Amino acid sequence: MRIVVALGGNALLKRGEPLTSENQRANVRIACEQIAKVYGGNQLIITHGNGPQVGLMALQSNAYKEVPMYPLDVLGAESVGMIGYMIQQEMANFVPKDVSLATVITQTEVDPKDPAFQKPSKPVGPVYSKEEADAIAAEKGWTMAQDNDKYRRVVPSPLPTRIFGLKPLKTLIENNYILICGGGGGIPTYYDESGRLCGAEAVIDKDLATALLASSIDADLLIIATDVDGVYLNWGTDQQKAVRAAHPDEIEKIGFASGSMGPKVQAAVNFARNTGKTAVIGELSDIERIVAGEAGTRISKDTQGIEYR
């Protein structure tokens, strides 16, 4: 079975932890130990987020005043190389020594006319005082937004439309490489009016891009790993209910918050609807039971309506 696993941000950094190399590696090691449990007999493709890492790199880049801050697409590429290296190395410690692994820095096409470019909303990079933010906005033309008592740059988050480089990705998968790709949703790129491929000052939702990737490489199962055991309705209230399984059309009607479960549910819906296969949202520690069909929230056309646990 061809399985795509999308690692949530908590797989790289627990809430409240300093973003040190040691902390990231320790968390990656835990994640890889879990993923390796479903390697036998399956093809594995791993994606991951990179938001905190890009923010850290932006801070580091901003601290060196002799050159302008590197653009987001370049910082994104740097971050996925770093994270991919850690995942690749730690996975090698939990699978047989003759297993081949590869990290591919993936480019994801976005539409330069996507409305998101007119409404930047995703915070990235360092925080500033209001005076600093106003000066930077005037100098660079950036959009700044309040973030608690500080201000941060906000950038567009356009929808992914295509994954570049599918042929080499499929070649690696078919030759049984464990593949790490699509990190951070892939590097946002587009063709300009002259037909030149360019990087975009934007970020892409990791789960939506992973669903597109999983569909494009003919995956049999998409696992969106998070820090809860599934999707809940009325989360945090006396009426909360855990969803065991759902038809994509039915769960899409509910309308989950964009800042929490919304993109994960939409990604699962997209994959299930486009492929007729199953997407599961669940906890990484349950991955063996998820693959066995015993855990997580399963989204599939085979389900009628919504079933609760």
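Because the structure is predicted, anything quoted here is derived from the model rather than measured. (Residues numbered from 1 in each chain as written. Predicted model: local features only at pLDDT ≥ 70, side-chain atom pairs only at ≥ 80, totals over all residues. Heavy atoms only, no water.)

Here we look at the domain arrangement of the protein chain
In step 1: According to the domain assignment, the protein chain contains domain 1 (2-113 + 158-308) and domain 2 (121-155).
In step 2: Each of domain 1 and domain 2 was reduced to a C-alpha centroid, and the two centroids are 27 Å apart.
In step 3: Taken residue by residue, the interface counts nine residues in domain 1 and eight residues in domain 2.
In step 4: Between domain 1 and domain 2, the buried area comes to about 670 Å², and carbon and sulfur atoms account for 73% of it.
In step 5: Measuring nitrogen to oxygen at the nearest pair gives 2.6 Å for the salt bridge that ties E201 to R153.
In step 6: Run the count over domain 1 and domain 2 and you get one residue pair in polar contact (both at pLDDT 80 or more). (Domains from an automatic or database assignment. Contact = heavy atoms within 4.5 Å. Buried area = accessible area lost by both parts, 1.4 Å probe. Salt bridge = Lys/Arg side-chain N within 4 Å of Asp/Glu carboxyl O. Polar contact = N/O pair within 3.5 Å; in protein donor to acceptor, adjacent residues only side chain to side chain.)

Notes on the environment of L284
In step 1: Locating L284 in the fold gives a position in the loop between β15 (278-283) and α9 (287-291).
In step 2: Residues L284 and I46, spaced 238 residues apart in sequence, show a C-alpha to C-alpha distance of 12 Å.
In step 3: Other than its neighbours up to four places away in sequence, L284 contacts L7, A31, Q34, I35, A225 and T226. (Helix = DSSP H or I, 4+ residues; strand = E, 2+ residues; numbered from the N terminus.)

Some details on the nonpolar core
In step 1: With 32 residues, the main nonpolar core has I45, L222, V231, I251, V265 and I281 as its most contacted residues.
In step 2: Elements with a minimum of two residues in this core: α5 (166-174), α6 (206-216), β12 (221-226), β14 (241-246), α8 (262-275) and β15.
In step 3: With six residues, the top contributor of residues to this core is α8.
In step 4: Beyond its immediate chain neighbours, meaning those up to four positions away, L222 contacts V4, T210, A211, A214, A267, F271, T278, A279 and V280.
In step 5: Counting 31 residues, the second largest nonpolar core, distinct from the first, contains V28, V38, I87 and L284. (Core = buried A, V, L, I, M, F, W, Y, C linked by side-chain atoms within 4.5 Å. Buried < 20%, exposed > 50% of the residue type's maximum accessible area, 1.4 Å probe, protein only.)

Thoughts on the packing of helix α2 (residues 51-63) against helix α3 (residues 72-92)
In step 1: The contact between α2 and α3 brings their axes to 9 Å, and the two run at 120 degrees. In terms of axis orientation, α2 runs oblique to α3. Helix-helix and strand crossings are classified by hand; for α2 and α3 the assignment is right-handed. Listed contacts from α3 to Q53, V54, M57 and A58 of α2 are L72, L75, G76, E78, S79, M82 and I83.
In step 2: Of the residues that constitute the contact of α2 with α3, the class distribution is seven nonpolar, three polar and one charged. (Axes fitted to C-alpha atoms, helices over the stretch in contact; angles between N-to-C directions. Parallel < 35°, antiparallel > 145°, perpendicular 65-115°, else oblique. Left-handed = near helix turned anticlockwise from the far one by under 90°. Nonpolar A, V, L, I, M, F, W, Y, C, P; charged D, E, K, R; others polar.)

Considerations on unusual backbone geometry
In step 1: With a phi close to 60 degrees, D218 is a non-glycine residue in the positive phi region.
In step 2: As for its placement among the helices and strands, D218 is situated in the loop between α6 and β12.
In step 3: Relative accessible area serves as the criterion here: at 47%, D218 is assigned to the partly exposed category.
In step 4: Its identity is not glycine, yet N234 carries a phi of approximately 55 degrees, on the positive side.
In step 5: Its place among the elements puts N234 in the loop between β13 (232-233) and β14.
In step 6: Its relative accessible area of 44% is what places N234 among the partly exposed residues.

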